[in-house]
Amino acid sequence: MNKLVFFLLSLFIIQGCTLSISKPDLKANITKTDVITIPKPVFSNKDKSTVLLTTNYNNDKRKLIVLTENTNDALVLTGVTTSYINLFTLTYTKDGIKLQTKLPESMLPPVNQVLLDIMLCKSENLVNELNENYIVKDSTDKRIITDKKGKIIYNISFKSIKNKRLPVEIDNLEFSYKIYLKYL
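None of these values were measured; they are calculated from a predicted model.

Caption draft 1: Molecular detail of the overall build of the chain. Scanning the chain from N- to C-terminus turns up 3 helices and 13 strands. Burial analysis of the chain (184 residues in total) assigns 42% to the buried set. Relative to all contacts within the chain whose residues are 6 or more apart in sequence, the contacts with residues 24 or more apart total 45%. In the form shown here, the chain has an accessible surface area of approximately 11000 Å², with 56% of it arising from carbon and sulfur atoms.

Caption draft 2: Region of interest: the pattern of salt bridges. Considering all chains together, one arrives at 7 salt bridges under this definition. Between D47 and K164 there is a salt bridge whose closest N-O contact spans 2.6 Å. Remark: K164 occurs in strand β12 (residues 164–172) and D47 occurs in strand β4 (residues 47–57); sequence separation between them is 117 residues. Take K164: its relative accessible area is 38%, and that puts it in the partly exposed class. For R165, the salt bridge is made with D138, and the minimal N-O distance between the two is 2.7 Å. One end of the pair, R165, is in strand β12; the other, D138, is in strand β9 (residues 134–138), and 27 residues separate them in sequence.

Caption draft 3: Structural detail: helix α2 (residues 111–122). In a regular helix each residue adds 1.5 Å, so 12 residues correspond to 16 Å; α2 covers 16 Å between its end C-alpha atoms and thus fits that length. Within the span of α2, buried status applies to V111, N112, Q113, L115, L116, D117, I118, M119, L120 and C121.

Caption draft 4: Representation of unusual backbone geometry. The backbone phi angle of N58 is positive, close to 50 degrees, even though this residue is not glycine. The topology assignment puts N58 in the loop between β4 and β5 (60–70). The exposed category is assigned to N58, whose relative accessible area is 60%.

Caption draft 5: Representation of the packing of aromatic side chains. Taken as a whole, this structure holds 0 aromatic pairs when the rule is applied. Geometry around F158 places R165 over its ring, the cationic atom sitting 3.7 Å from the centre.

Caption draft 6: Broad picture of the nonpolar core. Ranked by size, the top nonpolar core spans 39 residues in total, and within it I30, L90, Y92, L115, L130, I145 and Y154 carry the most contacts. Tallying contributions element by element places α2 first for this core, with 7 residues. The contact partners of I30, leaving out residues within four places of it in the chain, are I36, L116, L130, Y134, I145, I153, Y154, E174 and F175.

Caption draft 7: Representation of the pairing of strand β10 (residues 142–147) within the structure. As paired strands, β9 and β10 are joined by 5 bridges and run antiparallel to one another. Along β10, the bridge assignment pairs K137 with I144. Counting the residues that bridge the hairpin from β9 to β10 gives 3 residues. In this structure, β10 lies alongside strand β11 (residues 152–161), joined through 5 bridges in antiparallel fashion.

Caption draft 8: Structural view of the environment of D147. For D147, the position within the fold is in strand β10. Through-space distance from the C-alpha of D147 to that of I135 is 6.1 Å; in sequence the pair is 12 residues apart. Dropping the residues within four chain positions of it, D147 is found in contact with N133, Y134, I135 and I153. Only 3.0 Å separates the side chain of D147 from the backbone nitrogen of K149, close enough to count as a polar contact. At 2.9 Å, the side chain of D147 and the backbone nitrogen of K151 are in polar contact.

Caption draft 9: Quick look at the side chain of T101. Mapping T101 onto the fold places it in strand β8 (residues 96–101). Of note is the side chain of T101, whose polar atom sits 3.4 Å from the backbone oxygen of L87.

What counts as what
Residues numbered from 1 in each chain as written. Predicted model: local features only at pLDDT ≥ 70, side-chain atom pairs only at ≥ 80, totals over all residues. Heavy atoms only, no water. Helix = DSSP H or I, 4+ residues; strand = E, 2+ residues; numbered from the N terminus. Buried < 20%, exposed > 50% of the residue type's maximum accessible area, 1.4 Å probe, protein only. Contact = heavy atoms within 4.5 Å. Areas by Shrake-Rupley, 256 points an atom, 1.4 Å probe, with all protein chains shown as cover. Salt bridge = Lys/Arg side-chain N within 4 Å of Asp/Glu carboxyl O. Expected span 1.5 Å × (residues − 1). Phe/Tyr/Trp six-rings, centres within 6.5 Å; stacked < 30°, edge-to-face > 60°. Lys NZ or Arg CZ within 6 Å of the ring centre and 35° of its normal. Core = buried A, V, L, I, M, F, W, Y, C linked by side-chain atoms within 4.5 Å. Pairing = 2+ DSSP bridges. Polar contact = N/O pair within 3.5 Å; in protein donor to acceptor, adjacent residues only side chain to side chain.

Below you can see the structure in the form of C-alpha cells.
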C-alpha cells in the first residue's frame, strides 16, 4: 500500500514538471547486432485510435493506454496511465523524434525501439523501408519479418476492426517480448 501511495504522490509531483527531448537519431536495433533506420512516417490516411497495450517480457506484464494519431507525414503517441494521467507525448516526423515526458527517460522503454515496433506495424510500404538483409511477408492477418536466412524476427498479427487492418499482437522473437493491443 505504501508503494502505491508513493507512486501516486510521485505522479502528482512530476505532473507539473515536463522534460522535452529532441532525438535526431532515427536508428533502432532490429536484432541484437543490427541497427536500422526507423521507417519514415508516411501514411496515406489520417487516423486516430486509443489502444490498451499489454507487454509481456520475462513474465512481467505491464499495461499502458496509448493514444495514437497519424497524419500524412507525422505520428503522435501519447502514453497515459490506466487512470488517464499523461506520462509522455512522442512526435515522429521527417525531422526526427521529439519526446515530452513527465517521467525521467530512464523510466521509459527505449523510445526508438518502441517507435520501431509501431512503425513496423503501421508502415504501408515496409518492403522498401527495410534494408536488403530483411524480408517482409505480408498477408491479411500476418506480417512476418525475417532475416535472409529465414530466421523470424517479428511476427505481427492483424485483425479487421471497423473495416481497418489493425495490429493486435507484436511478437519480437529476437528480444523475447510480446505486445498485445486492444482497441478502446
